[in-house]
Amino acid sequence: MSTSFANRLNGSILLISSMFFGLAHGVAPKALIDDGGMVASRSALATEVGAQILADGGNAIDAAVATGFALAVTYPSAGNLGGGGFMVIHLADGTVIANDHRERAPGAASKDMFLDEEGQLVKGLSTASHLAVGVPGTVAGLLDVLARYGRLDRKRVMQPAIDLAAKGFVLDRDLAAQFARRQDVFAKHPASVAVFTNEGAPYRMGELFVQTDLANTLRRIQKHGKAGFYEGETADLLVAEMQRGGGLISHQDLLGYQSSWREPIRGTYRGHEIVSMPPPSSGGILLVQMLNMLEPYDIASMGYGSAQSIHLMIEAERRAYADRAEHLGDADFYPVPIKELISKEYATKRFANFDAKRASISADIGAGEIPAESLETTHASVMDKDGNAVAYTTTLNLSYGAKMVVAGAGFLLNNEMDDFSAKENSPNAFGLIGRKANAIEPGKRMLSSMTPTIVRKDGKPLLVTGSPGGSTIITTTLQVVMNVIDHGMSLSDAVSSPRFHHQWQPDRVMHETYAFSPDTQALLESMGHKQLIAIPAFYGGGIGDANSVMHIDQGFQGMADPRNAGAAMGPGRAQRSAQ
Ligand code: DON
C-alpha cells in the first residue's frame, strides 16, 4: 500500500470518528412511547417542532417537513437549505413512494473537473471550494412532498423554523462546541464567520443564537414557495456567492432543479418487507442485497455478537460494497442493474463462494458479473396515528458542508460533489471508490449511501430507521433492522447496541470498542479478518446515529441514538410542553 493511500485511509478513519465527536448535553435519550405518533431526530428542538405539528393535527408528512426545515436552523451541520436529501414515505393506504432531492452537478460540471494537468486529484477541490457545491435540492423536495401529501399549509409548517431562526434559541454545549471547533475553517468565509461567531468571538453555551438572514430566506420560501429559493433574491445571492469564488452554479441550474418521485427499493427479509431508497442512493439496493445474502442463515441461533454472525455480515458487506463501486450511480444517467442486484437469485450466486470458516480477501472479490441492462448527515423518523410513516435523511455531505454560508442568505452550501467518483478507483472522503457509473456529468446526481428505510409487517409500518455516517450509513441501517428482526431486540437495544462496518475497500473492519468481545475478536482474526479497528463509542462518538421509531403494542416508540444528543417525542409530550 502506498504511503499516501495509507494516509488517506487513516484520514478517513479520523474523519468518520471525528464527525460524531460532539459534547452531548442534557439527559441521555430514552425510548419514549406515545399512542398519538412519534418523531425522532438529532435535534431536540426540531423533534419538538415535528411533535407539535402532530399534536396540531398534522400528519407524518407535515411533521417530517416541519422537522426538516427546523433542522436547517437548529442543526446546521447537516440540516440544510443548501444541501439535499431523500424521503421514503409509507401512506396509510399502503402506498410507498420516495422523494429524491439529491443535489445535481451544475450544467458546467465535467468529468475531470477535480483533476490537475497530470490527471491527479487536486486536494480539497471537491470538498472545500466553490466547485464542491452541487445544485441544492432540499427546498424543492420538502415543498413537493408537503404539497402532495401534507395536510397543513406551508405557512404553518414553516413557521416554527422561521421563529427559531428569527427569535433565536439558546445554544447548548453540543452546538456551541461544534461552532468553536470549526472557527478556522469558517474563517475563510466572512459570511460563515458572521453566522457562526458572536461578533467574531466563539459562541458559548447558554448564549442566544439568532440567524436573521436565514429567517429572511425562510420567509421568502414560505411566501413564494420554491420560487423563494430557486428564483429572485435567494437565487441572486447564491449565484453571486458562486461568482465570488469561481463556482459553477448558475440561475439556469437553479431554475432547472426538480425533485424526483421514485419507486422505492422493495425487498423481503424473514416475513418483513423492506422499503428503502433507490438510486441515486446505493443504500436501498445494498441493504436488500445484504439481507438477501444473509437470509438463508439462522442468524438468531448464532446470536447477537457471535463471531459466526459477524463473519457472515462482514462477508455480505464486502461483496455488496464491491458491487457498489462498479455498478451504482444515478440511474437517470447510467444503466444500474437494480433488478438483478436486489434479486434473491443474484444474492445466492454472489454468496456462493462464502466460506463459513475463512475471511475472503477484498482484493480477490471483484464486482459481481451482471449482464448490461439498462462528515455529516442526519436522519429523522416519523410515524403518525393514522398509519403514515416517513424516513428522512438529509445532508450537506461533510459536517457543515463546504463551510460556506451564502452571504446575505444565511444558509450553508453543500460539498456533495465529493460523492462523485472524481477519478476512477480513487477514494472519496469516506474511502469509497467508484467508476464510470458514478463519474461526473452535467445534471447528474452523485451516488449516495443515505438509506432512509421503512420496515413493514403485514403491510403496516413496523420500524422507521436510517442514519448518517457516510459509507457506514448502510451497515448501520442493516444492523438496526437485523437487531429487530433477527434478534427480537427492543428498539432501545436495537439502536444502542455496538456496531461494526466493512466496506470491501479498504479491507478492514471498523468496530465500536465493545462490539467484539476479546474471544470474538480472536475468533474473527483466526478466520483471517484483518485490521480490526476500534472506534470509541462514548456519548457523542461511534458509528452511525440512527434516530428511529417503532410501532409496538402499546403505541409508537421513539429512540434517539444514545451516541448523540438527539431526542424523540410524541404529540402527547409536545402538547404538554406547549401548555
Ligand atoms: O450521501 C452520502 O452518502 C454522503 N454525502 C453522506 C455524508 C454523511 O453521512 C456524513 N456524515 N455523517
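Residues numbered from 1 in each chain as written. Predicted model: local features only at pLDDT ≥ 70, side-chain atom pairs only at ≥ 80, totals over all residues. Heavy atoms only, no water.

Colleague: It is not clear to me how the overall build of the chain should be interpreted in this structure. Could you clarify?
Modeller: Summing up its helical and strand segments, the chain has 21 helices and 23 strands in all. Over its C-alpha trace the chain gives a radius of gyration of 22 Å, about what one expects of a compact globule, namely 25 Å for 579 residues. For the C-alpha atoms alone, the extent of the chain along its principal axes is close to 65 × 60 × 45 Å. Carbon together with sulfur atoms contributes 52% to the accessible area of the chain, which is approximately 20,100 Å² in total. If you average the places of the 51 positive and of the 60 negative side-chain charges in the chain, the two averages end up 1 Å apart. (Helix = DSSP H or I, 4+ residues; strand = E, 2+ residues; numbered from the N terminus. Rg over C-alpha atoms; globule rule 2.2 N^0.38 Å. Areas by Shrake-Rupley, 256 points an atom, 1.4 Å probe, with all protein chains shown as cover. Lys, Arg positive; Asp, Glu negative; His and termini not counted. Charge placed at Lys NZ, Arg CZ, Asp CG, Glu CD.)

Colleague: Help me out: how do you make sense of the site of the ligand in this one?
Modeller: Around the ligand lies a shell of 17 residues, among which Glu376, Thr377, Glu416, Asp419 and Ser449 are the nearest. One of the backbone N or O atoms of Glu376 is found 2.6 Å from a nitrogen atom in the ligand. Here an oxygen atom of the ligand and a backbone polar atom of Gly470 are 2.7 Å apart. Relative to its unbound accessible area of 340 Å², the ligand is 99% covered by the protein chains. For the shell around the ligand, the secondary-structure elements that each account for two or more residues are strand 12 (376–384) and strand 13 (389–397). Split into classes, the residues belonging to the shell around the ligand amount to six nonpolar, seven polar and four charged. (Near = heavy atom within 4 Å. Polar contact = N/O pair within 3.5 Å; in protein donor to acceptor, adjacent residues only side chain to side chain. Nonpolar A, V, L, I, M, F, W, Y, C, P; charged D, E, K, R; others polar.)

Colleague: Quick question: what am I supposed to make of the pairing of strand 10 (residues 265–269) here?
Modeller: Residues in a regular strand project their side chains so that they alternate between the two faces of the sheet. Burial of strand 10 is one-sided: the residues Ile265, Gly267 and Tyr269 facing one way are buried, the residues Arg266 and Thr268 facing the other way are not. One ladder, built from five bridges, connects strand 10 with strand 11 (residues 272–276); its direction is antiparallel. Across the sheet, Tyr269 pairs through a bridge with His272, a residue of strand 11. In textbook terms, the turn of a hairpin is the stretch between consecutive antiparallel strands, and for strand 10 and strand 11 this stretch comprises two residues, one of which, Arg270, has a positive phi near 45 degrees. (Buried < 20%, exposed > 50% of the residue type's maximum accessible area, 1.4 Å probe, protein only. Pairing = 2+ DSSP bridges.)

Colleague: How should I be thinking about the pattern of salt bridges in this particular structure?
Modeller: For side chains of opposite charge, pairing can occur when their charged atoms come near one another. In the structure shown here, the tally under the stated rule is 29 salt bridges. Residue Lys111 pairs with Asp112 through a salt bridge whose shortest N-O separation is 3.5 Å. Through salt bridges that share partners, Glu315, Arg318, Arg319, Asp507 and Lys530 make up one connected network. (Salt bridge = Lys/Arg side-chain N within 4 Å of Asp/Glu carboxyl O.)

Colleague: What's the story with the sheet that holds strand 12 in this structure? I'm lost.
Modeller: Strand pairs in the sheet, formed through backbone hydrogen bonds, run parallel or antiparallel to each other. The sheet built from seven strands is open, its strands ordered 9-4-3-13-12-2-23 with antiparallel pairing. Whereas interior strands pair on both sides, the edge strands pair on one side only; in this sheet they are strand 9 (260–262) and strand 23 (567–569). Taken pair by pair, the neighbouring strands of this sheet meet at an average axis angle of 15 degrees, ignoring direction. Strand direction decides the pairing type here: strand 3 (residues 84–90) and strand 4 (residues 96–101), joined by six bridges, are antiparallel. What sits directly across from Ile89, in strand 4, is Ile97. The strands touched by helix 3 (residues 60–74) within the sheet are strand 2 (37–41), strand 3, strand 12 and strand 13, with strand 12 carrying the most contacts at an inclination of about 155 degrees. (Axes fitted to C-alpha atoms, helices over the stretch in contact; angles between N-to-C directions. Contact = heavy atoms within 4.5 Å.)

Colleague: Hey, could you run me through the side chain of Asn564 in this one?
Modeller: Examined against the element boundaries, Asn564 turns out to sit in the loop between strand 22 (555–559) and strand 23. By relative accessible area, which is 4% here, Asn564 ends up buried. Side chain to side chain, Asn564 and Asp545 meet in a polar contact 3.4 Å long.

Scope: geometric values only; no functional claims are made or implied.
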